[in-house]
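Structural overview
Residue-level listing of the chains:
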Amino acid sequence: MSKEDVDADIDDEFQAHLELLIEELMARGMPGDQALEAAERRMGNVNRWKAEMREAEMRIRQVKRRRERVGYFLREADHAARSLVRRPGFTAVAVLTLALGIGATTAGFSVLDRVVLRPLPYTDADRLVWLDSPVPAQGPDAAWGLSVAGYFQFKDEVGTLEELGGFAPATVSLTGDLGAYQVRGVSVQADLLDALSARPAFGRLIEDEDDDPDAGHRVLVLGYDFWLREFGGEPGVLGSVVRIEGEPSEIVGIMERGFELPDREVDVWMPLYLDRTQPPTNAHWLSAVGRLGPGVTLTETQVELDRITSRFPELFPGAYFPGFMEEYEFRTRARSLKDHVIGPELRRSLWIVVGAVSLVLLIACANVANLLLVRTESRRRELAVRSALGAGRAQLALFAMAESLMLTIAGAALGCLLAEGALRGLLSMVPAGLPRLVEVSVGGTSMVFAALLSLLLGLVFGTVPLSGSSARYRALREGARGLTAGRTKHRLRKVVVTSQVALAVVLLAGAGLLLRSFQQLREVDPGFEPRNAVAFQLSMRRPHYRDPAAAADFLRELAQRIEALPEVRSVGSGEALPLAEAGCAPVMGEEQAPDPGRSPPCTEKQQVSPGFFAALGVEIEGQTPSWQAQDGGVGEAVVTAALADRLWPGADPIGRGIRGSGSAWYRVVGVTGDLRTQGIDAAPTEAAFFPLVPIEDGPLWGSLTTPVVVVRTVSEPRMGALVPAIRRILLEMDPTVPLGNVETLERHLADTPPVARRSFMMTLLGLAGGMALMLSIVGIYGVVSYVVGQRTGELGLRLALGANVAQVAELVLKDSLGMAGSGIGIGLIGALALTRTLESLLFGVSPLDPLTLSTVGALLLALTLAATWVPARRAMRIDPAEALQAE
Amino acid sequence: MRHISELPERVDLLQGTLDMLILKALNVGPMHGYGVARWLERVTDQTLRVEEGSLYPALTRMAERGWVDRVWGVSENNRRARFYSLTELGKRQLGRETAIWSVFSDAVARVLASDPG
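Scoring rules and cut-offs
- Residues numbered from 1 in each chain as written.
- Chains lettered and ligands numbered in written order.
- Predicted model: local features only at pLDDT ≥ 70, side-chain atom pairs only at ≥ 80, totals over all residues.
- Heavy atoms only, no water.
- Helix = DSSP H or I, 4+ residues; strand = E, 2+ residues; numbered from the N terminus.
- Buried < 20%, exposed > 50% of the residue type's maximum accessible area, 1.4 Å probe, protein only.
- Contact = heavy atoms within 4.5 Å.
- Salt bridge = Lys/Arg side-chain N within 4 Å of Asp/Glu carboxyl O.
- Pairing = 2+ DSSP bridges.
- Polar contact = N/O pair within 3.5 Å; in protein donor to acceptor, adjacent residues only side chain to side chain.
- Buried area = accessible area lost by both parts, 1.4 Å probe.
- Core = buried A, V, L, I, M, F, W, Y, C linked by side-chain atoms within 4.5 Å.
- Phe/Tyr/Trp six-rings, centres within 6.5 Å; stacked < 30°, edge-to-face > 60°.
- Lys NZ or Arg CZ within 6 Å of the ring centre and 35° of its normal.
- Expected span 1.5 Å × (residues − 1).
- Arc of directions from axis to C-beta.
- Axes fitted to C-alpha atoms, helices over the stretch in contact; angles between N-to-C directions.
- Parallel < 35°, antiparallel > 145°, perpendicular 65-115°, else oblique.
- Left-handed = near helix turned anticlockwise from the far one by under 90°.
- Nonpolar A, V, L, I, M, F, W, Y, C, P; charged D, E, K, R; others polar.
- Patch = residues over 30% accessible without salt bridge, like charges linked within 9 Å, V, L, I, M, F, W, Y side chains within 5 Å.
- Areas by Shrake-Rupley, 256 points an atom, 1.4 Å probe, with all protein chains shown as cover.

Another point: the overall build of chain A. Each helix and strand counted, chain A has 27 helices and 23 strands in total. Each of the 887 residues in chain A was classed as buried or not, and the buried ones make up 51%. Contacts in chain A between residues far apart in sequence, at least 24 positions, make up 81% of those at least 6 positions apart.

This is the structure:
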């Protein structure tokens, strides 16, 4: 109603009143003109109150309109809800499909959000930086820590850092009332806790004065979880004394709940003593975290670090030579702490996962769009009637919108549940060493994400039925008659299915390549036998064991006693398991001409007992060093084939001389096969194995006090019997020696990053690919059977005119094969372009691997045929008479 | 009987009081604006005169608040006129205002009847 109408109404009302008044006055005997005058006088300032009324009227209109609009929407929503309930099949399929797509995307987003997008759990975490020393000469990702000298120099000179704190994590033995065990410890400078803004839950933290070794009083702070677990959350432990590595230390505080090192969990925090007065050394073992000053950028700090590091040779002439700086391309780097914790590899993997689930969502959306198209098609007459009855385009759009929003919101709600379930399942198989993943669940942010996604999709889908709505009136006139549906109407559907197939091909190609990599990786011979072996770590901290011979005696007796257990085949000790961090030394061969300019490269070396190789299942050509060699009497060593090839190419290494540090030569008595200890996706390792006790004038390395012990069993190790038996032996031999990190070699191998990362990614992409495959097959099936249904009349006519059944089947097949064929083609091209992003995860297979790509293509083709089979059979059974009558 | 034009100077009605009187008038039955004014004059024996300038804005306001419904009809003299009737909401409002009014007028009456000393 317009403003003019409002005015007219007011005027009418006014006029009626005026006339009634005049009539009454005249009825009382007043002459007409006087009555008019009197009445007008009585009415007062008409314009003022009319204006007042008009304003109120306009407000009434407005409220009414608003109410109408809401009612209108509610009515359409109600209508939409009823029409969804009337077709439970359609609704269920659409909601489930959307739930799969939205659920997958939400799960992916949750992981990305938690791991990559969110800040680390520290105050002002974006100002925290990680300092290290990249050595590109040793590999693109190789990086050392800081040297003590460098650390103090940076503390003194880098003005852009507010705080800088060093630390050194180490597994240590803790002896309390409950016996000795190994705990995850870290020695920290008080400055580190300041930089990370740590607070104690009880007591106090490590302070500057604590790191004075002369104080004669050692302190430690317990991690909150460790305190709960091992001390029952008893605050009374403050002030009590436990032994760390045999040294009495007082518990002075409990760390704030949930506070951990950025890249690992900590049971025990201890002071780190750094002696500045010692001569500087080129040893980079110190980890360090700094806090940028307010408003400072990383680049400014980097410039300062570069300037100071370039002066190292003049600052520390005994430790840093210009040649070293050049050879190792040595520098100091500052990175944001988050970059360090997450690492480029994980970040890339997660983005790949998010990309994959987005493709799944696209495929799901394509299915729903097709469903909606089909549905709109089947409702053409209903819509045409409604629009003929005066429903405007806007009203029909509102109806469609309400319907699609209901579908997407229901899909999102169900999707969130699916995502939560999927995340729980995935987290149980997350490999160790993927940071920040343990805490992932569908939280508030993810729900908001899913809600926004559902709104967006709802709005998009709401427009689907509108496409081509101009044809609607015509539909009414046509009476929807006609034997063939227009070709253009099917074209859109076919494009949707084709792109679906293409997306599925891309995803499956990615998953397939990872699967092949994983297989290849499985087939790599690591050089040792992971089956039927158990490994554990010892910590021999009594001063007695600082004598290498004493340590060797202990290990020898231990080996003999474990070997006496039933089912045990052999026992050996060494410094580290293959695929774990091992030490290195400048190993030289006897006939090797020393390169004057360069120090010999640091080659992996281990001190091992004779049984080590047999226990690991490493084949030896020649002999293993004898126990006589272990006693330091005879210098016998074993080298890997790769090291032998480098030191004495083409010659027999047996009997040749080799040395680590020190001047005396060992004789090579045995050669291993190719042994991969630095990752089974890496080249065979160059490594040398020396006896436990050094020979006279031999290397300076000391006693092996934290050995890893490997026990090979006859068959699958029965951990439940074996481990307690070993514990008993240890208790009898020396109760102060704790046993830790018990695991089977198989588990150890599966947990190493190259295997774990790939199997995790393979699972994720496999899941995404599986969903994609399923959804696109459902899509093909849906469209083909719809088209067959639409063409019943046409096909019936053809049969009536003498076409045979095979020709009809061919028509149907041609349709679906056309869609699948072009989809597979486009998908393969897309896969060629996209699988490159996986390159760093692939192993032994090219991103363009023809076997994988052709398998994926063939798989989709086969499944398309299967999906077409049912509707094709239906087409073949059409009864011409019935089909034509139905029209 | 006094002539309309000879009525005493208009008595200013408090806003709420006018609303209450209109509601009371409509409680009798649906009527148009003129009818409301006439009814009030009749039952008060011409003592209360409602000014048109207050009556119509008040009716519109009450329509806005949902106290009255409005429909177009034909008046006694065959003119197009708007008829007002009470809604449920309006009836409840009338009850409320009547209750308040009786408390109020009681109090005023007691003040006026009180001993000056």
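Under the definition given, this model contains 46 salt bridges over all chains. A salt bridge links Arg42(A) to Glu41(B); the shortest N-O distance between them is 3.5 Å. A residue pair is termed interchain when its members come from two chains, as with Arg42(A) in helix H2 (residues 32-43) and Glu41(B) in helix H2 (residues 33-43). Arg42(A) gets classed as buried once you look at its relative accessible area, which sits at 13%. When its relative accessible area of 1% is taken as the criterion, Glu41(B) is described as buried. With a closest N to O distance of 2.7 Å, Arg59(A) and Glu64(B) form a salt bridge. In this pair, Arg59(A) is assigned in helix H3 (residues 46-86) and Glu64(B) in helix H3 (residues 52-65), connecting two distinct chains. What you see here is one network of salt bridges that share partners, running through Glu24(A), Arg28(A), Arg42(A), Arg38(B), Glu41(B) and Glu52(B).

Attention now goes to the pairing of strand S22 (residues 708-713) of chain A. Residue and element names in this part refer to chain A. Among the six residues in S22, six count as buried, and that is most of the element. Neither face of S22 is exposed, since Val708, Val710 and Arg712 on one face and Val709, Val711 and Thr713 on the opposite face are all buried. Relative to S22, strand S12 (residues 533-538) is paired through five bridges, and the arrangement is antiparallel. Its bridge partner lying in S22, Val534 is registered against Val711. Pairing of strand S13 (residues 568-574) with S22 involves six bridges; the strand directions are antiparallel. Residue Ser570 lies in a different strand from S22, and its bridge partner there is Arg712.

A separate point is the side chain of Thr160(A). All names here are of chain A. With respect to the secondary-structure elements, Thr160 resides in the loop between helix H5 (148-157) and strand S3 (161-176). The class for Thr160 is buried, based on a relative accessible area of 13%. Within the structure, Thr160 has its side chain in polar contact with the side chain of Thr301 (distance 3.0 Å). Only 2.6 Å separates the side chain of Thr160 from the side chain of Glu304, close enough to count as a polar contact.

Attention shifts here to unusual backbone geometry. Most peptide bonds are trans, and most residues other than glycine sit at a negative phi. All names here are of chain A. Within the chain, Asp124 stands out as a residue other than glycine whose phi angle is a positive 45°. Tracing the chain through its elements places Asp124 in the loop between helix H4 (88-117) and strand S1 (128-134). If you check the backbone angles, Ser197 has positive phi at about 55° while not being a glycine. Residue position: Ser197 is located in the loop between helix H6 (190-195) and strand S5 (200-203). Residue classification places Ser197 among the partly exposed residues on the basis of a relative accessible area of 23%.

Let's shift gears to the interface of chain A and chain B. With 24 residues of chain A at the contact, the number on the chain B side is 28 residues. For the pair chain A and chain B, the summed buried surface comes to about 2600 Å²; carbon and sulfur atoms form 53% of the total. Broken down residue by residue, the surface that chain A buries against chain B is led by Glu13(A), His17(A) and Arg42(A), which jointly contribute 27%. Counting across the chain A and chain B interface gives 10 salt bridges. Viewed at the interface, chain B and chain A are joined by 13 residue pairs in polar contact (both at pLDDT 80 or more).

Next up on the list: the side chain of Glu52(B). Inspection of the secondary structure puts Glu52(B) in helix H3. When its relative accessible area of 1% is taken as the criterion, Glu52(B) is described as buried. If near-sequence neighbours (up to four positions away) are discounted, Glu52(B) is found in contact with His17(A), Leu21(A), Arg42(A), Met43(A), Trp49(A) and Pro57(B).

A few words on the pairing of strand S7 (residues 241-244) of chain A. Note on strand geometry: in a regular strand, side chains alternate between the two faces of the sheet. All names here are of chain A. Of the two faces of S7, only one is covered, namely that formed by Val242 and Ile244; the face formed by Val241 and Arg243 stays uncovered. Here S3 pairs with S7 via two bridges, running antiparallel. Each residue of the ladder has a partner; that of Leu174, found in S7, is Ile244. As paired strands, S7 and strand S8 (residues 247-255) are joined by four bridges and run antiparallel to one another.

Right, let's talk about the nonpolar core for a bit. Across soluble globular proteins, nonpolar side chains show a tendency to be buried alongside one another. Counting residues in hydrophobic clusters, the biggest one holds 79 residues, and the most contacted among them are Leu514(A), Phe528(A), Leu616(A), Phe689(A), Val710(A) and Leu860(A). Ranked by residues supplied to this core, first place goes to helix H23 (residues 753-790) of chain A with 16 residues. Aside from chain neighbours lying at most four places away, what touches Phe528(A) is Pro578(A), Leu579(A), Leu616(A), Gly617(A), Val618(A), Leu675(A), Arg676(A), Leu745(A) and Leu749(A). Core analysis: the second largest hydrophobic core is formed by 43 residues, Ile22(A), Met20(B), Tyr34(B) and Met62(B) among them.

Here we take up the packing of aromatic side chains. Summed over the entire model, instances satisfying the criterion amount to 25 aromatic pairs over all chains. With a centroid separation of 6.1 Å and 70° between ring planes, the pair formed by Phe226(A) and Phe231(A) is classed as edge-to-face. Measuring from ring centre to ring centre gives 6.2 Å for Phe612(A) and Phe613(A), while their planes differ by 75°; the resulting arrangement is edge-to-face. Phe612(A) gets classed as buried once you look at its relative accessible area, which sits at 1%. The class for Phe613(A) is buried, based on a relative accessible area of 2%. By way of ring pairs, the aromatic residues Trp144(A), Phe154(A), Phe312(A), Phe316(A), Tyr320(A), Phe324(A) and Phe330(A) are connected into one cluster. Between the NZ or CZ atom of Lys50(A) and the centre of the ring of Phe14(A), over which it lies, the distance is 4.6 Å. Geometry around Trp72(B) places Arg80(B) over its ring, the cationic atom sitting 3.7 Å from the centre.

Okay, helix H14 (residues 444-462) of chain A next. All names here are of chain A. Given a rise of 1.5 Å per residue, 19 residues ought to cover 27 Å, and the 27 Å separating the end C-alpha atoms of H14 matches this to within 8%. Where H14 is concerned, the buried positions are Ser446, Ala450, Leu453, Ser454, Leu457, Gly458, Phe461 and Gly462. Buried residues along H14 cover an arc of 160° about the axis, so they all sit on one side. Turned more than 90 degrees away from the buried face of H14 sit Gly444, Leu452 and Leu456, all of them exposed. Taken together, the buried residues of H14 touch H4, helix H11 (337-378) and helix H13 (393-427).

Attention now moves to the packing of H3(A) against H13(A). Residue and element names in this part refer to chain A. At a closest axis distance of 8 Å, the pairing of H3 and H13 adopts a crossing angle of 55°. One way to sum up the angle between H3 and H13 is to call them oblique. Once H3 is placed against H13, the crossing between them reads as right-handed. Packed against H3, whose contacting residues are Tyr72, Phe73, Glu76, Ala77, His79, Ala80, Ala81, Ser83 and Leu84, the element H13 presents Ala394, Gln395, Leu398, Phe399, Ala402, Glu403, Met406 and Leu407 at the interface. Looking at the contact of H3 with H13 residue by residue, the classes come out as 12 nonpolar, three polar and two charged.

For the rest of this paragraph, the subject is the environment of Ile654(A). Residue and element names in this part refer to chain A. Looking at where Ile654 falls in the secondary structure, it is placed in the loop between helix H20 (641-647) and strand S19 (657-659). Between the C-alpha atoms of Ile654 and Val671, which are 17 residues apart in sequence, the distance is 7.5 Å. Setting aside its immediate chain neighbours within four residues, Ile654 contacts Glu621, Gly622, Val668, Val669, Gly670 and Val671.

Right, let's get into a nonpolar patch on the surface. On the surface, Trp101(B), Phe104(B), Val108(B), Val111(B) and Leu112(B) cluster together to form a nonpolar patch covering roughly 500 Å² of accessible area. Within the secondary structure layout, Trp101(B) lies in helix H4 (residues 88-113).

Moving on to the sheet that holds S12(A). Residue and element names in this part refer to chain A. Pairing is antiparallel in the open sheet, where four strands are placed in the order S13-S22-S12-S23. Each edge of the open sheet carries a strand with a single partner, namely S13 and strand S23 (739-744). Strand-to-strand twist across the sheet, computed as the mean angle between neighbouring axes with direction ignored, equals 20°. In this fold helix H17 (residues 548-563) packs onto S12, S13 and S22, with an angle of close to 160° to the strand it touches most, S13. Sitting on the sheet, helix H21 (residues 719-733) is in contact with S12, S13, S22 and S23, with an inclination near 155° to S23.

This part covers the packing of H5(A) against helix H8 (residues 298-310) of chain A. All names here are of chain A. Remark: H5 packs on H8, axes separated minimally by 11 Å, with the N-to-C direction vectors making an angle of 130°. The orientation of H5 relative to H8 falls into the category oblique. You can see that H5 and H8 cross each other, and the crossing is right-handed. Along its contact with H5, which presents Gln153, Phe154 and Glu157, the element H8 presents Glu304, Leu305, Arg307, Ile308 and Thr309. Along the lines of polarity and charge, the residues of the contact of H5 with H8 split into three nonpolar, two polar and three charged.

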